[in-house]
Amino acid sequence: MVVGCVKEIKNNEFRVGMTPDNAKTYVSNGHRVLIEKGAGRGSGFFDEEYEAAGAQIIESAEEVWKSCDMMVKVKEPLEPEYKYFKKGLILFTYLHLAADRALTDAMLKSGVTGFAYETLIERNNTIPMLAPMSQIAGRLSVQEGAKYLEKPFGGSGVLLSGVPGTPKANVVILGGGNVGTNACKIAVGMGANVTVTDVNLERLAYLDDIFGARIQTIYSTDAAIEKAVADADLVIGSVLIPGKKAPKLMKREYLKKMRPGSVIVDVAVDQGGCCETTRVTYHDDPVFEVDGIVHYCVGNMPGAVPRTSTIALTNATLRYGLKLAELGVEEACHRDEVYISGVNTYDGKITCKNVALSFSMEYTDLKSLIS
């Protein structure tokens with residue numbers, strides 16, 4: 001199979017879908033690898049390294065798109081890339097379709113096969129290709145939140161840890177999954193008072209076992225969230241429903257009860273955000289203010305640390321990409337039904353139930369299309 005990888009064009013996105021080591025693995029398995037010139041530079045991987053690995057360096061993204069059978073990316077394609085879609089092309093990347101109707105429509109119209117990192121669920125209910133970016137985003141969320149609490153950045157001037165004789169900052173984490181757990185690690189490590197909310201009592205028990213008296217766990221209800229965030233200096237939104245829009249847990253009216261200069265970091269922004277006042281921002285202009293509350297809603301947070309992020313991401317995606325390149329989507333799904341959960345669009349049909357529900361569109365079971 002011809003496997004392509006292009007430079008990401010999203011604002012301040014420096015990750016790349018394939019490292020030179022990945023390219024070497026694809027080549028050694030009999031595939032032809034095409035890399036757009038300069039695609040890996042932002043992550044510290046250079047054309048010479050890809051060439052040494054057996055990949056071909058291609059001058060233009062257009063040529064890579066037109067020549068490949070499978071495109072390996074990091075982020076969802078943007079509108080200028082829609083024209084490269086073609087029937088049967090395997091698009092292997094983060095898609096987040098539930099938050100992007102235009103991309104969904106373009107993929108359906110073209111017949112491209114969309115294989116989303118964020119919806120593939122293994123038999124043990126983990127999301128292996130989302131996990132490393134969730135870990136990074138969770139840890140970054142507290143780091144960024146602490147920065148924007150500083151007065152020069154528009155915050156209230158609170159230090160997370162405080163110092164002897166002063167109160168510690170209150171950090172509220174909405175969602176105790178992978179992002180929330182990693183945010184919790186950093187917030188606890190920085191000495192803050194940490195509260196974690198979730199609707200899964202088993203998850204709360206797990207977090208209580210890990211962190212013990214260093215955190216407060218609360219069952220998530222509207223009333224509980226409203227009460228918790230009223231005293232929060234930093235709120236981390238880390239809610240995930242695979243393939244579906246994030247629920248709006250953080251209501252606009254809650255902001256009026258918070259201290260001016262408090263910060264919200266909405267990690268769920270890729271799936272539409274879990275705060276009613278969320279809108280997507282970028283690394284070059286990451287924050288905005290609503291009702292005196294600073295919002296950090298960058299849609300590609302791990303892109304700020306591209307070297308770490310690229311290595312972590314491709315460690316997780318490589319084995320799935322190799323299987324798709326070896327067998328094709330249809331045969332891979334026949335041999336292992338886990339792969340079915342990753343297919344969001346196929347032959348002009350939505351094959352991810354949560355994406356269909358998000359847009360009230362027709363859902364088609366992939367098995368009926370490939371049987």
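My aim in this report is to walk through the structure given alongside it, one point at a time. (Residues numbered from 1 in each chain as written. Predicted model: local features only at pLDDT ≥ 70, side-chain atom pairs only at ≥ 80, totals over all residues. Heavy atoms only, no water.)

## Quick look at the overall build of the protein
Counting its regular elements, the protein contains 12 helices and 15 strands. Since a compact globule built from 371 residues should have a radius of gyration of about 21 Å, the 21 Å found for the protein is in line with a globular shape. If you line up the protein on its principal axes, its C-alpha atoms span 65 × 45 × 35 Å. A total of 371 residues make up the protein; the buried ones form 57% of that total. Long-range contacts, defined as pairs at least 24 residues apart, comprise 63% of the intrachain contacts of the protein with a sequence gap of at least 6. By element, 50% of the accessible surface of the protein is carried by carbon and sulfur atoms, the whole surface being about 15,400 Å². (Helix = DSSP H or I, 4+ residues; strand = E, 2+ residues; numbered from the N terminus. Rg over C-alpha atoms; globule rule 2.2 N^0.38 Å. Buried < 20%, exposed > 50% of the residue type's maximum accessible area, 1.4 Å probe, protein only. Contact = heavy atoms within 4.5 Å. Areas by Shrake-Rupley, 256 points an atom, 1.4 Å probe, with all protein chains shown as cover.)

## Quick notes on the nonpolar core
Met18, Tyr26, Met70, Phe92, Leu160, Val171 and Val194 are the most contacted members of the largest nonpolar core, which has 74 residues in total. Looking at which element gives the most residues to this core, the answer is helix α10 (residues 306-335), with 10 residues. Not counting residues within four places of it along the chain, the set of residues in contact with Phe92 comprises Met70, Met71, Val72, Lys73, Phe115, Tyr117, Met129, Thr317, Tyr320, Gly321 and Leu324. The next biggest cluster of nonpolar side chains, apart from the first, holds 27 residues, and it includes Val2, Leu103, Ala116 and Val355. (Core = buried A, V, L, I, M, F, W, Y, C linked by side-chain atoms within 4.5 Å.)

## Looking at the sheet that holds strand β2 (residues 32-36)
Reading across from one edge, β3-β2-β1-β4-β5-β6-β14-β15 is the order of the 8 strands in this open sheet, with mixed pairing throughout. Here the strands that pair on one side only, and so sit at the sheet edges, are β3 (56-58) and β15 (349-350). As defined by bridge partners, strand β6 (residues 113-116) adjoins strand β14 (residues 343-346) across 2 bridges and the pair is classed as antiparallel. Within β14, the position partnered with Phe115 by the bridge is Val343. Where helix α1 (residues 20-28) meets the sheet, its contacts fall on β1 (2-5), β2 and β4 (70-72), and the angle it forms with β2 comes to roughly 150 degrees. (Pairing = 2+ DSSP bridges. Axes fitted to C-alpha atoms, helices over the stretch in contact; angles between N-to-C directions.)

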